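As a plain string of letters, each chain reads:
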Amino acid sequence: MDTLIDRLHPYLSYFGEHAYLQAIAVIIIGYFIAKLVNWGLSRLVHLILKKTRTLFDDHVVELLRGPAFASVFLVALSIAAVLVLEGSMETATLSLFKSVAVVIWTLFLLQLARLILRAMSGTPDRFAIIRSQTLPLFENLALLVIIGAAIYFLFTAWNIDMTAWLASAGIVGIAIGFAAKDTLANLFSGVFILADAPYQIGDYVVLDSGERGEVTQIGLRSTRLLTRDDVEVTIPNSIMGNTKVINESGGPHKKFRIRLKVGVAYGSDIDQVRAVLMDVAQQDEGVCDNPEPRVRFRTFGASSLDFELLGWVDEPSLRGRILDSLNGAVYKRFRQEGIEIPYAKQDVYIKSLPGSVQE
């Protein structure tokens, strides 16, 4: 600051040799320069509005106007303070102006970070990890980083040594990390799940442990499933991120293929069986026409010819109802067509009864 005053001294002498007159002149000139900077930013906003289609850069320049004006005016006030104050009063005043500048720019950075993150969350195809679900997490992380940096600069402005504070913060951070390792594991797993999107809300998933249900909520700590028994299951994201998950709603569409296995007696007309099964599937309104149902002759069983009717339903939740409808229709049609469904039989031969006399 003293070097700056020495450079400005030849120009300040035009306002007289009295320090207070020079200080007032510096404040007035600084105010007008700050207004000029503010006017220049306004013109810049006007030019940007003509050339861009998005409002993001316009908002950034609008946010910058206040801190730019305040910074220029605070520099003028600092020069004026150096001209008229001495010793501890000068040091305290300059520290106060630095603190005000830190607060102003901290508020600007908080607004800027929120603006950038929300703009990024609006384009998930370019920034997959930042979505509406993860936006609060990144906003809080930005808040912590910016507030931490602001506290550091505030201490520096008042010439307070931060070495001991940083060491203490490091120790506390390590302790908190060990104490909350499970929570942090769930948190980071939740972020990666939301970014990678192996499943979404409304999908039907089957876990490696056997649970099957509809995803009702994907949080930063856990994922919730609603089973077909209307029981809600809450699973920590650290488990969801490290287990095999079958997404029945994944793929090119949400349609789900159902399989109806049926056996007919040896000697049955397999062409007739195919025709009956296809007709049953086509008559059922719950079975999709596209892809069309199909019948497969799978194998020669121990006591039956094993067929499988394959069809698609609109979503996995319809699997049970459509299979019930198809099973009933197939049984009735087989009875009408005289197609036998074999079942296990055992013949018992008695060679002799207890106490009988053999001749």
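Residues numbered from 1 in each chain as written. Predicted model: local features only at pLDDT ≥ 70, side-chain atom pairs only at ≥ 80, totals over all residues. Heavy atoms only, no water.

Enquirer: Would you explain the nonpolar core in this entry?
Expert: The tendency in soluble globular proteins is for nonpolar side chains to be buried as a group. Membership of the largest hydrophobic core comes to 21 residues, with the highest contact counts inside it found for Leu277, Phe307, Leu326 and Phe334. Ignoring anything within four residues of it in the chain, the contact list for phenylalanine 307 reads Leu260, Lys261, Val262, Val264, Ile270, Val273, Arg274, Leu277, Val295, Arg296, Phe297 and Arg298. Leu117, Phe138, Ala142 and Val191 belong to the second largest nonpolar core, which has eleven residues in total. (Core = buried A, V, L, I, M, F, W, Y, C linked by side-chain atoms within 4.5 Å. Buried < 20%, exposed > 50% of the residue type's maximum accessible area, 1.4 Å probe, protein only. Contact = heavy atoms within 4.5 Å.)

Enquirer: Whenever I open this one, unusual backbone geometry confuses me. Can you help?
Expert: The general pattern is negative phi for most residues beyond glycine and trans for most peptide bonds. Cis geometry marks the peptide bond from asparagine 290 to proline 291, where omega comes out at -5 degrees. Within the element layout of this structure, proline 291 appears in the loop between α9 (270-283) and β7 (294-300). Despite not being glycine, asparagine 159 has its phi angle at roughly 60 degrees, a positive value. On the secondary structure map, asparagine 159 appears in the loop between α5 (135-157) and α6 (163-179). A positive phi angle is found at aspartate 230, which is not glycine, with a value near 60 degrees. (Helix = DSSP H or I, 4+ residues; strand = E, 2+ residues; numbered from the N terminus.)

Enquirer: Any chance you could explain α9 here in plain terms?
Expert: Residues three or four positions apart in an α-helix share a direction because the helix packs 3.6 residues into each turn. The end-to-end C-alpha distance of α9, which contains 14 residues, comes to 20 Å, matching closely the 20 Å that a straight helix rising 1.5 Å per residue would cover. Residue aspartate 269 occupies the N-cap position of α9, its side-chain oxygen lying 3.1 Å from the main-chain nitrogen of aspartate 271. (Expected span 1.5 Å × (residues − 1). Polar contact = N/O pair within 3.5 Å; in protein donor to acceptor, adjacent residues only side chain to side chain.)

Enquirer: It is not clear to me how the pairing of strand β4 (residues 232-236) should be interpreted in this structure. Could you clarify?
Expert: Regular strands have side chains that alternate between both faces of the sheet. Pairing of strand β3 (residues 222-227) with β4, which is carried by five bridges, proceeds in the antiparallel orientation. Considered in β4, the bridge of leucine 226 is made with glutamate 232. Connecting the antiparallel pair β3 and β4 is a turn made up of four residues, with aspartate 230 showing a positive phi of about 60 degrees. (Pairing = 2+ DSSP bridges.)

Enquirer: Mind showing me how you'd approach α5 here?
Expert: Relative to the 33 Å expected for 23 residues at 1.5 Å per residue, α5 spans 32 Å between its end C-alpha atoms, a close match to the ideal helical length. Against the buried residues of α5 lie α4 (87-121) and α7 (181-196). Just downstream of α5 lies asparagine 159, where phi reads positive at about 60 degrees.

Enquirer: Can you help me understand the pattern of salt bridges in this one?
Expert: Where charged atoms from two side chains of opposite charge approach closely, those side chains can pair. Here the structure, examined in full by the defined rule, presents seven salt bridges. Across the pair glutamate 248 and arginine 212 runs a salt bridge whose closest N-O atoms are separated by 3.0 Å. Taken together, the positions of glutamate 248 in the loop between β5 (245-247) and β6 (256-264) and arginine 212 in strand β2 (residues 212-218) put the pair 36 residues apart, joining distant regions of the chain. Given a relative accessible area of 13%, glutamate 248 falls into the buried group. Each of Arg259, Arg298 and Glu308 takes part in salt bridges that share partners, so that together they form one network. (Salt bridge = Lys/Arg side-chain N within 4 Å of Asp/Glu carboxyl O.)

Enquirer: For this particular structure, what's the right way to read the packing of α9 against helix α10 (residues 319-337)?
Expert: The description of two helices packed together rests on the angle between their axes and the distance between the axes. It is the contact of α9 with α10, at a shortest axis distance of 10 Å, that shows an interaxial angle of 140 degrees. Our classification of the angle between α9 and α10 gives oblique. Judged by the sense of rotation from one axis to the other, the crossing of α9 with α10 is right-handed. In this structure, α9 contributes Gln272, Val273, Val276, Leu277, Asp279, Val280 and Ala281 to the contact, and α10 contributes Leu326, Ala329, Val330, Arg333, Phe334 and Glu337. Residue composition of the contact of α9 with α10, grouped by class: nine nonpolar, one polar and three charged. (Axes fitted to C-alpha atoms, helices over the stretch in contact; angles between N-to-C directions. Parallel < 35°, antiparallel > 145°, perpendicular 65-115°, else oblique. Left-handed = near helix turned anticlockwise from the far one by under 90°. Nonpolar A, V, L, I, M, F, W, Y, C, P; charged D, E, K, R; others polar.)

Enquirer: Looking at this structure, I do not really get the environment of serine 78. What am I missing?
Expert: Along the polypeptide, serine 78 turns up in helix α3 (residues 56-84). Look at serine 78 and you get buried, because its relative accessible area is 10%. A sequence separation of 52 residues divides serine 78 from valine 26, and the C-alpha atoms of the two residues are 9.6 Å apart.

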